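Residues per chain are reported as follows:
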Amino acid sequence: MKKSYFLLAVSAVLALFTGSCSKSGYSTTDETNGIVNTTKLWSGYSTGYLMGDTILTPGSASVPYARYYYHIITDSSISVQKINDLQIKIMNMPLNYASTNTATHLVLFDSTISGSAPSKLDYYSNTGSMTYEYHWVGTYNAASGHYYQTDIYMHTN
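Let me sum up the structure you'll find in this document.

How each quantity is defined
Residues numbered from 1 in each chain as written. Predicted model: local features only at pLDDT ≥ 70, side-chain atom pairs only at ≥ 80, totals over all residues. Heavy atoms only, no water. Patch = residues over 30% accessible without salt bridge, like charges linked within 9 Å, V, L, I, M, F, W, Y side chains within 5 Å. Areas by Shrake-Rupley, 256 points an atom, 1.4 Å probe, with all protein chains shown as cover. Salt bridge = Lys/Arg side-chain N within 4 Å of Asp/Glu carboxyl O. Helix = DSSP H or I, 4+ residues; strand = E, 2+ residues; numbered from the N terminus. Core = buried A, V, L, I, M, F, W, Y, C linked by side-chain atoms within 4.5 Å. Buried < 20%, exposed > 50% of the residue type's maximum accessible area, 1.4 Å probe, protein only. Contact = heavy atoms within 4.5 Å. Polar contact = N/O pair within 3.5 Å; in protein donor to acceptor, adjacent residues only side chain to side chain. Pairing = 2+ DSSP bridges.

### Considering a nonpolar patch on the surface
Together, Tyr45, Tyr68, Tyr70 and Ile72 make up an exposed nonpolar region whose accessible area comes to about 470 Å². No other element matches strand E2 (residues 62–75), which puts 3 residues into the nonpolar patch. Turning to its location among the elements, Tyr68 is positioned in strand E2.

Right, here's the structure in full:
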């Protein structure tokens, strides 16, 4: 009798283990639905420092100078492409699926560029709107005391 209880207990543990490993409750939700293959009007701005004019030093040598720029963005040709099941690309920047908040209907995609703040795309599935932040920091320009960098902030309606 003790042997049958032991076999019953082992069978129960195996059944629980097998049940917990099955994918019957696995969600196959595609978090990129509503983001790709849509035409939206993007608006926002881009700012940063880029290689600009050169300055003349007292020895009359020219030194490239990082200059500040600011551009307003209004564009409907920017699209989001799907790379694979949970990765998208916007403006040649690949972003990975990060999370879904079902309470706020927010789907977050992000990526980290070494040395820069994370770039991210927020998709609000209840309204179909998106916000996108892109950050890039390049080399240091000693003449101006600034890094070459780009920051883009855009949103759709």
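From this point, things continue past the structure.
### Considerations on the nonpolar core
Core analysis: the biggest nonpolar cluster contains 19 residues, and Trp42, Val80, Ile90, Leu95, Leu121 and Tyr132 have the highest contact counts within it. Those elements giving two or more residues to this core turn out to be strand E4 (87–90), strand E5 (93–101), strand E6 (106–111), strand E7 (119–124), strand E8 (129–141) and strand E9 (146–156). Per-element tally for this core: the top contributor is E8, with 3 residues. Apart from the residues lying within four places of it in its own chain, the contact partners of Trp42 are Ile73, Thr74, Asp75, Ile78, Val80, Ile90, Leu121, Met130, Tyr132, Met154, His155 and Thr156.

### Some words on the side chain of Thr156
Position of Thr156 relative to the elements: it lies in strand E9. A polar contact is formed between the side chain of Thr156 and the backbone nitrogen of Met130, at a distance of 2.8 Å. In this view, Thr156 contacts Lys40, Leu41, Trp42, Gly128, Ser129 and Met130; residues no more than four positions away in its chain are not counted.

### Overview of the pairing of strand E3 (residues 80–84)
Pairing analysis gives 4 bridges linking E3 to E4, with the strands arranged antiparallel. Across the sheet, Asn84 pairs through a bridge with Gln87, a residue of E4. The hairpin turn running from E3 into E4, its antiparallel successor, is 2 residues long.

### Here we look at the pattern of salt bridges
One pass over the structure, following the stated rule, counts 1 salt bridge. Asp122 serves as the salt-bridge partner of Lys120, at 3.0 Å between the closest nitrogen and oxygen.

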